[in-house]
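Understanding the architecture of this molecule
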Amino acid sequence: MADVQVRNVSRSFGSHKALDDVSIDFPDGGFYALLGPSGSGKTTLLRLIAGFDFPSCGGISIGGESVERVPVEKRRIGMMFQNYALFPNMSVADNVAFGLSVRGDTRSSIETEVRRALDLVQLDKLGERRPHQLSGGQRQRVALARAIVTKPRVLLLDEPLSALDKALRVDMQIELKRIQREIGITTIFVTHDQEEALTMADRIGILCDGRVVQEGPPEDVYDRPRSEFAASFLGDANILRGKTFDNGIRLSDGMQILAKEASSGSAGVEAICAVRPERITIAASASATPPGRNTLNGRIMKRIFAGNSSTYFVDRNGETLKVLVQNQDGERLSEGQDVTLSWSPESTVVITA
Amino acid sequence: MGTQSASVAGRGMRAAWPLLLPAYLWLTLAIFLPLSAMVFFSFMTDLPTAQSGWSGTLENYRAFFSEALYGTLLLASLRLGIEVTLWCVLLGFPAAYVLAKVLKGRSREAIFLLVILPFWSNGLVRIFSWVMVLRDGGILDTAINTISPFRISIDLIYSYPAVIIGLVHSYVPYMVLTCYLTLQAIDDSLIEAARSLGASRLTVLKRIIIPLAMPGIVAGAVLTFVPVVGSFMEPRILGGRTGTFYGTVIEDQFVAVYNWPLGAALSFILLAVVLLILAVASPVLKRAS
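Residues numbered from 1 in each chain as written. Chains lettered and ligands numbered in written order. Predicted model: local features only at pLDDT ≥ 70, side-chain atom pairs only at ≥ 80, totals over all residues.

**Brief notes about the sheet that holds strand S9 (residues 203–208) of chain A**
All names here are of chain A. One open sheet holds the six strands; their spatial order is S6-S7-S8-S3-S9-S10, and the pairing between them is mixed. Each edge of the open sheet carries a strand with a single partner, namely strand S6 (77–80) and strand S10 (211–216). Along the sheet, successive strands turn relative to each other by an average axial angle of 20 degrees, direction set aside. Where S9 lies against S10, five bridges are found, and the strand directions are antiparallel. Of the residues in S10, the one forming a bridge with Ile204 is Gly216. (Pairing = 2+ DSSP bridges. Helix = DSSP H or I, 4+ residues; strand = E, 2+ residues; numbered from the N terminus. Axes fitted to C-alpha atoms, helices over the stretch in contact; angles between N-to-C directions.)

**Details of the interface of chain A and chain B**
Counting residues at the interface gives 17 residues for chain A and 16 residues for chain B. Those elements giving two or more residues to the side of chain A that touches chain B turn out to be S6 and helix H2 (92–103) of chain A. When grouped by side-chain class, the residues that make up the side of chain A that touches chain B number 10 nonpolar, five polar and two charged. (Contact = placed C-beta atoms within 7 Å. Nonpolar A, V, L, I, M, F, W, Y, C, P; charged D, E, K, R; others polar.)

**Quick notes on the pairing of strand S14 (residues 270–275) of chain A**
Residues and elements named next belong to chain A. Alignment of strand S11 (residues 238–245) against S14, held across six bridges, turns out to be antiparallel. The residue bridging Arg241 from the neighbouring strand is Ile272, located in S14. Relative to strand S20 (residues 349–352), S14 is paired through four bridges, and the arrangement is antiparallel. Residue pairing for S20: Ala274 is matched across the bridge by Val349.

**Topic: the domain arrangement of chain A**
Residue and element names in this part refer to chain A. Domain parsing of chain A yields domain 1 (4–228) and domain 2 (238–352). Using only C-alpha atoms to locate each centre, domain 1 and domain 2 end up separated by 39 Å. Taken together, the contact pairs five residues of domain 1 with five residues of domain 2. When grouped by side-chain class, the residues that make up the side of domain 1 that touches domain 2 number one nonpolar, one polar and three charged. (Domains from an automatic or database assignment.)

**As for unusual backbone geometry**
Residue and element names in this part refer to chain A. A positive phi angle, near 50 degrees, is found at Ala85, a position not held by glycine. Relative to the elements of secondary structure, Ala85 occurs in the loop between S6 and H2. Overall, the presence of 25 C-beta atoms within 10 Å leaves Ala85 in the buried class. In this structure, Gln122 is a non-glycine residue whose phi angle is positive, near 60 degrees. As for its placement among the helices and strands, Gln122 is situated in the loop between helix H3 (107–120) and helix H4 (136–148). (Buried ≥ 20, exposed ≤ 12 C-beta atoms within 10 Å, placed from the backbone.)

**So, the confidence of the model for chain B**
Residues and elements named next belong to chain B. With 96% of its residues at a pLDDT of 70 or more, chain B shows a mean pLDDT of 88. The secondary-structure element of chain B with the lowest mean pLDDT is helix H1 (residues 2–42), recorded at 80, while helix H8 (residues 188–196) shows the highest, at 96. Under the prediction, the complex receives an ipTM of 0.85, its pTM being 0.83. (pLDDT = per-residue confidence, 0-100.)

**Digging into the sheet that holds strand S13 (residues 256–258) of chain A**
Residues and elements named next belong to chain A. An order of S13-S12-S11-S14-S20 is seen for the five strands of this open sheet, with the pairing classed as antiparallel. Each edge of the open sheet is held by one strand with a lone partner, namely S13 and S20. Between one strand axis and the next, the sheet turns by 45 degrees as a mean value, whatever way the strands run.

**Here we look at the pairing of S11(A)**
Residues and elements named next belong to chain A. The pairing of S11 with strand S12 (residues 248–251) spans four bridges and is antiparallel. Bridge pairing in S12 links Thr244 to Ile249. Remark: two residues form the turn of the hairpin made by S11 and S12, two consecutive strands paired antiparallel.

What follows is the structure, encoded as structure tokens:
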């Protein structure tokens, strides 16, 4: 096992900068998610760490060893591909054994290791099958077993769950996380699915246009986004625009939104504040709100029912705010109704441009 | 369930007949009829048009076994087929690999065109242009001697190598195309996966790429081997005196000696030998693919 360090790495393709001065520390034994929209450079970064591609400048080290000029096959990494990339000309067991036999392990130790790896992914009975005889989830497990059987220093996952249907994907998320914990391998996971990143990773890095927008533990990044992009890409966010004052922002119509952590910049500059839809309480107008909370009045434009929860779209002077409410017993608010929204200053994040 | 799917298949067949029929009618007329006529001729003493009359005989087939020359020539032709096929694999597979996996876009199209180009020219023209290239004082000879400080004589014409060169040139495009198609179908991520597992480029080639490309190599080899064993044009024009092979002997029977029955019999012996070789090799080939 080893930590991975990426230092001031850039990668250009012609005039296009796929990665622009990226520095990230991937802690030893951690599960790190690289999250970003397509074209953000997350896959490019993963391929640089794997060694399929080399940085235009900057340094990459695995376990303290500088690897920028080391070819893939010497990096001792394990990789799982989006399409699993199982060798169709080999049985499941031979697929898993490939890395070991290339390394020159003895036949008996290969057999033991392959059996152990297939046990770990719960496929011990399917060793003789061919990849095309397996289901999507099973292929996925074979790919994982093949990637970890060589005891690589780092496990790299390139959107490995995106080809599975939703129910299977959730199962595999739990499974993957379990196996990662069990063997304690440093894991770097590329995904564009923010929910997947939040549930699985213990650190998240958000990439946009080849730069790291923000990184940290999931709760941290979710609760304290540092840019409008981070706020709206990771989860949902209501964005209110205004100018800073000492402890919050003042909207154009004079309403003051208070924040617990006031902006560090000087007062009176352009700023936004972000509020998560689930942090907002919605109530019929004129009902009492506890003091110390931010309040805004509006009218329900639309309500979307999703079983356990409902999303209200509330119009306030032409702006739409989203409110997510867990459905409870009792009276529901209806479309067209005037409502008061309130939330605490702790749930308010001020972001200056 | 079974009968239902059978009736569905039956309906599919009825719809397929009008599409199949023209091609099969044509194949029957163009291949099957002349071929059966040839089978018929091969058992006759002379052509039915001969004045001296004709009768049935096995003599034409017996000639192959009583005259050692035919066997020797057949072996020479089989050896020629194997050698040309090997050269085609050695030259064609790497080219197909580069076309399928290294080149992209415009440059791939351009190189691809160069591979296909021989198909657009007449075979006879191609062979005769090799005569210009390979003979003493020819293009190759002149070119090398303009660069080389001392005199090197390149006189390959009318030799076994010249026959090989001409045949490889004619058949290597088939190998490139069949290998290209299978290589193209190999997902790049398979190669990357193998390398991430510690395999060097050579190991990836041996354990992933070649096994997966085997169907293409086998198809190309069959497409090359079978016609080369019976070839006569290249051996005759480029081989000169050394260019006597089984194919040229058959050709002689038809165009020079006018012994069609013997020519036909020799052809069917060749066909039988080739089919036998393919049948014996087929378990190996099937496993490989």
